[in-house]
Every structure is written in structure tokens, then in C-alpha cells.
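Reading the structure
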Amino acid sequence: MRNIWLILTYLYRSKEVLFAVGWFLEKPNGKRLREFCGFCASLLSTLIVPAMAYTMLLRNCGQLLTLAGPATHLPLAGENQRNWRVIPDGYVACVDDRIVATGPMAELDDTLVATATIVLDASGQVVMPGLVECHTHLVFGGNRAHEFQRKLQGETYLDILASGGGILSTVRATRAASDEQLLEQALHHLKGFREYGVTTLEAKSGYGLDAETELRLLQVAREAGRRQPVRVVPTFLGAHVPGPEYRGHPADYLHMLVQEVLPNIYPEEVPFVDIFCEEGAFSVAEARRYLEQARALGFQLKIHAEQLHDLGGCEMAAELGAISIDHADYLTPAGASRVARVSGGRTVAVLLPLVPLFLRQERFAPGRAFIDAGLPVAISTDFNPGSCPSKNLWLALSVACLKMGLNPAEAVAAVTLNAAWAVGQQRECGSLEPGKRADILLLHVPSLEEIPYWLGENPVQQVIIGGRIQHA
Ligand SMILES: [Zn+2]
């Protein structure tokens, strides 16, 4: 008996090693091996882990939003974005930091519930995956409350930027801040995100705009990830706007980034390179050249495009294989169809509905038309000091329903599984499935329909990250 137990333990540890190996193989040339490791780990999870007693069990879940659906190797698109599995009266079981089983309560194997199992009763409550916040500008100095009044008096985002305000005022505050001050502020914001149920978060640089400060911001983002439980995925957005020293010379600024910054960051640590393609920032031609250079160095690509004008940045980035195209308020349904086709359904449109709201713009991305065109849609806050100082992803979800035409199921998929795809974390999080990290939320609402309904409210009662209950 003891030998059998040792063999089971050995196989269970092998599974963990396989997960770890798979997780480290981020490079494209490691993809096959990574998928093989993932497959073996899942197989061992299925065969072995059920023999281990559960360390945590959420039982009697009023509605269990699994986000598991038709088998797909792509982000959820079209009907799949709303037709994922909801289990009434369900359970989720975890061993250590992993989900090992989900299903209806009638199928729960009570023999795996031990005295040491932490049991949470979720009667009458929604249980769902932790939120994935796939587009934030987490690290910055100061804030821009002083510009709020100018905005209310009618000045536009581009007016304020042209007068030396906007991004450039945050750049001054960020350059002047110490690493410790930036880290303290980032940790403060992460705590706020955690209270909203965010368990994975993308964090962009982009308020340094010189080589030294941009590298500092990436270090601060990574350190913030190590200091608390939310998984932080860093993105290099040095190409936010040309640095003040390069005013009027965007191509020279990009050349500096390629020469002085990109060689000093590594795709294993900072997987994504992003650029703001817009009037006053970078042209489509400049963005294309820059993204091609970043791709050649092994980075995956993101773009801020079609936020204020329809320039064609989204299609260009999709042609280059971008993992996401972000904003897209001015992307047309025809353009969305072309993005879906050219990317083979791999590029996710990350919509940021709180931005036009905060900038007092009428135009919101036509999310309904995007989904109908087969383009996978994610939703994020775009948390940043200028155009969205809000961490409330639930509010963004509601506004996406109200102003972009998503239904509640589509909107929930947009802040979980599709958001995970948008940051390359779909194997780790975004749904409640065996093998994934145990990032789970208990909400104090009884049904999916009530999530977007209570406008601006935080429905989170309990946050679990990696199998551990988080306390405020
Ligand atoms: Zn942004």
C-alpha cells in the first residue's frame, strides 16, 4: 500500500514538473514540446490527481460558470463566445494550486473530501474564474486629476497632449519618481484590482519614454508581480508616444528603442511589445516596421489602434500575427471581418469601453458586430492615469453590454477566457477546467444575468488565487 502511495505521489510530482516545463517553454520553437508537456500533464491530472484528497472544495454552487465549451484551440468567437457551459448546482475541486474536477453536485466523489479539505458552500451564488485584466498601464507616477476639469470644459485628448499635458505630464512625474515610489503605487493599485477579483493582470510600461526609465518600469512591474499573488504579465510599450526629446521625430525615437531597449529585454520575461498607432503618436508604416523588428527578436505583438481614427493599424497588426488589437473604437465591421480572416481567428480585439466614457466620446467599438463577424472579443479597463483611472472591470463589462451590444455571457467570456488568450495565459487561467490554476471567484449574485445589471457594483464576495483564499 505504501509503495502504491509513493508511486502516486511520484506521478503527481511529475505532473507538476511537466506543468512547470510547459510553462517555461514560451518560445515559438518550443511550442510543440510545450503542447506535449501540457497534454501529458493533463493526462496525469486525469489519471492520478483524483486519487489525491481535495485540498479545497466549492460545493452547492448556484451557478458554476465554467467557461468550458466546445473544444477549441482558438479564443472564443461567434456563437462560442456565449455558448459555454454553465452548471447549475455545481462543484469545483482543487488540489494545491490546481483545479482537478468540476461538475454537477450529483457527480461529486465524496470519498476525496478529507477532514483537511477546505470546504466553501456557495449556495445561491455564482462561482466563476478569476478575472483576467488584459490591458493596463499599471506603473506610473502621480495622477492627472488636474486635467479632469479641462476635459469637462471641452478640451480633447489630443488638445491636451499637444499642449504638453496628457501622457507627457505623467512622463515627467514618472521619471521623477524613485523605484520604491513606483512599486508602492503599483502594489496599491494591484490590491485594488485584487479586491475586484482580478487574478491575472497585464502591465504595460510607457510612461518613461527614455531607455533607462522604460527598463525601470518593466522591472517594477515584474517586482510587483513577485510581491503579491496576482500574476503580472509585463508588456513593453516604450512606443506609447515619441519621448519629449524626440518631438517631431517619431522614426528616430523608434530607432532608439530598437537599438537601446529591445536588446535589453527578453521575451521570456516580457512577452509582448506594443505600440500606439494614432495621429500624434506613430503612423501605420512606422508601427509596421517597429513591430516587424520586435517580432524578429521573438516578441509577441500588441497594438493600440483605431482609438480615435480609422487608420488601418488593426489590420496591419493582425497581418503580422498580433495576439491582440486594442481599443478598435473606429474599426468597422468590415475591417473586423478582415482581421478575423487574416489572423485565422487568433487575434483578440480588446475593447476598452470605459475610455470613450471617460473621454466623453460618442463612439464606442461596435462589439456586437465584431462578434457577429467572428472576431473574438475581450474587455479591459485600460487602467491608466489619463483616459481611464478606474480598476472596476465589472463596470467595464456592464458598459460593454450597454454601449457595445454584448450580452452577459459574451461579456463574461470577454473578461475571463478571451482575456487570457489576449495575454497568452489561456493554458493557465480564464476558465474552470482541470489542470488550470485554481483562480476562482465567489460572487454575491445568484445568476449570470445579474452580473452586468448591478451597474458599478463589485459583486465579489471571495477571491481564491492559486488555491488560496485571499483576505482583504
Ligand atoms: Zn492602453
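Small disclaimer: the values here were computed from a predicted structure and weren't measured. (Residues numbered from 1 in each chain as written. Predicted model: local features only at pLDDT ≥ 70, side-chain atom pairs only at ≥ 80, totals over all residues.)

Right, let's get into helix α14 (residues 393-404). Counting buried residues along α14, 10 of its 12 residues qualify, which places the element largely inside the surrounding structure. Three or more residues of α14 are buried, namely Leu393, Trp394, Leu395, Ala396, Leu397, Ser398, Val399, Ala400, Cys401 and Met404. Looking one or two residues past α14, glycine 405 carries a phi angle of roughly 85 degrees, positive in sign. (Buried ≥ 20, exposed ≤ 12 C-beta atoms within 10 Å, placed from the backbone. Helix = DSSP H or I, 4+ residues; strand = E, 2+ residues; numbered from the N terminus.)

UniProt's feature table lists "binding site: Zn(2+)" (unreviewed entry) at His135, His137, His304 and Asp382, given in the numbering used throughout. These annotated residues cover 248 residues of sequence, and their C-alpha atoms all fall within 12.2 Å of one another, placing them together at a single site. Position of histidine 135 among the secondary structure elements: in the loop between β6 (131-133) and α3 (145-152). Sequence-distant contacts of histidine 135, defined by excluding residues within four places in its chain, comprise Glu202, Asp326, Val350, Leu352, Ser380 and Asp382. For histidine 304, the position within the fold is in strand β10 (residues 300-305). Judged by the 30 C-beta atoms lying within 10 Å of it, histidine 304 falls in the buried class. Those residues within four positions of histidine 304 in sequence are excluded, and the remaining contacts are Asp274, Phe276, Cys277, Glu278, Asp326 and His327. (UniProt positions renumbered as here; feature names shortened; annotations may be inferred. Contact = placed C-beta atoms within 7 Å.)

A few words on the sheet that holds strand β9 (residues 272-277). Overall, parallel pairing links the eight strands, which are arranged β6-β7-β8-β9-β10-β11-β12-β13 in an open sheet. Only two strands of the sheet have a single partner each, and these edge strands are β6 and β13 (377-379). Within the sheet, the average angular offset between the axes of one strand and its neighbour, ignoring direction, is 25 degrees. Direction of pairing for β10 relative to strand β11 (residues 324-327): parallel, over a ladder of four bridges. Of the residues in β11, the one forming a bridge with lysine 302 is serine 324. Packing of α14 onto the sheet brings it into contact with β6, β7 (198-204), β12 (348-351) and β13, and relative to β13 it is tilted by some 130 degrees. (Pairing = 2+ DSSP bridges. Axes fitted to C-alpha atoms, helices over the stretch in contact; angles between N-to-C directions.)

Here we take up the pairing of β12. Residues in a regular strand project their side chains so that they alternate between the two faces of the sheet. By the alternation rule, side chains of β12 split into Val348 and Val350 and Ala349 and Leu351, which are all buried. For β11 and β12, the ladder comprises three bridges, and the chain directions are parallel. Among the inter-strand pairings, isoleucine 325 is bridged to a residue of β12, identified as alanine 349. For the crossover that starts at β11, traverses helix α11 (residues 333-342) and ends in the parallel β12, the hand is right-handed. With three bridges connecting them, β12 and β13 associate as parallel partners. By the bridge assignment, leucine 351 is partnered in β13 with isoleucine 379. (Right-handed = clockwise from strand over helix to strand, strands pointing away.)

Turning to helix α7 (residues 211-227), a few remarks are in order. Here α7 is 17 residues long and its end C-alpha atoms lie 25 Å apart, about the 24 Å a rise of 1.5 Å per residue gives. Of the positions making up α7, those classed as buried are Thr213, Glu214, Arg216, Leu217, Leu218, Val220, Ala221, Ala224 and Gly225. On its buried side, α7 packs onto α5 (167-176), α6 (179-195), β7, β8 (231-239) and α8 (250-261). (Expected span 1.5 Å × (residues − 1).)

For any two helices packed against each other, the geometry comes down to the angle between their axes and how far apart the axes lie. At a minimum axis separation of 9 Å, α6 and α7 run at an interaxial angle of 50 degrees. By the angle between their axes, α6 is oblique relative to α7. Handedness of the crossing formed by α6 with α7: right-handed. Judged by residue contacts, Asp179, Leu182, Leu183, Ala186, Leu187 and Leu190 of α6 engage Arg216, Val220, Ala221, Glu223, Ala224 and Arg227 from α7. Classifying every residue of the contact of α6 with α7 by side-chain character gives eight nonpolar, no polar and four charged. (Parallel < 35°, antiparallel > 145°, perpendicular 65-115°, else oblique. Left-handed = near helix turned anticlockwise from the far one by under 90°. Nonpolar A, V, L, I, M, F, W, Y, C, P; charged D, E, K, R; others polar.)

So, about unusual backbone geometry. Glycine aside, the phi torsion of most residues is negative, and most peptide linkages are trans. Of note in the backbone geometry, alanine 328 takes a positive phi value of approximately 60 degrees without being a glycine. With respect to the helices and strands, the residue alanine 328 is situated in the loop between β11 and α11. Its identity is not glycine, yet arginine 360 carries a phi of approximately 60 degrees, on the positive side. Among the structural elements, arginine 360 can be located in the loop between α12 (354-358) and α13 (367-372). For arginine 360, a count of 11 C-beta atoms within 10 Å puts it in the exposed group.

Soluble globular proteins: nonpolar side chains tend toward being buried together. Membership of the largest hydrophobic core comes to 138 residues, with the highest contact counts inside it found for Val92, Val127 and Ala400. Broken down by element, the residue count for this core peaks at nine residues, all from α14. Viewed by domain, this core spans two of them, domain 1 (2-129 + 432-470) and domain 2 (132-422), each represented by three or more residues. Apart from the residues within four sequence positions on either side, valine 127 is in contact with Leu58, Cys61, Leu64, Leu65, Val92, Ala122, Ile440 and Leu442. (Core = buried A, V, L, I, M, F, W, Y, C linked by C-beta atoms within 7 Å. Domains from an automatic or database assignment.)

The subject of this paragraph is the pairing of strand β3 (residues 98-104). The buried fraction of β3 amounts to five of the seven residues, a majority that puts the element mostly inside the structure. Bridge count between strand β2 (residues 86-95) and β3: six bridges; the pairing is antiparallel. For alanine 93, the partnering residue across the bridge sits in β3 and is alanine 101. Count of turn residues in the β2/β3 antiparallel hairpin: two residues, of which aspartate 96 carries a positive phi of about 55 degrees.

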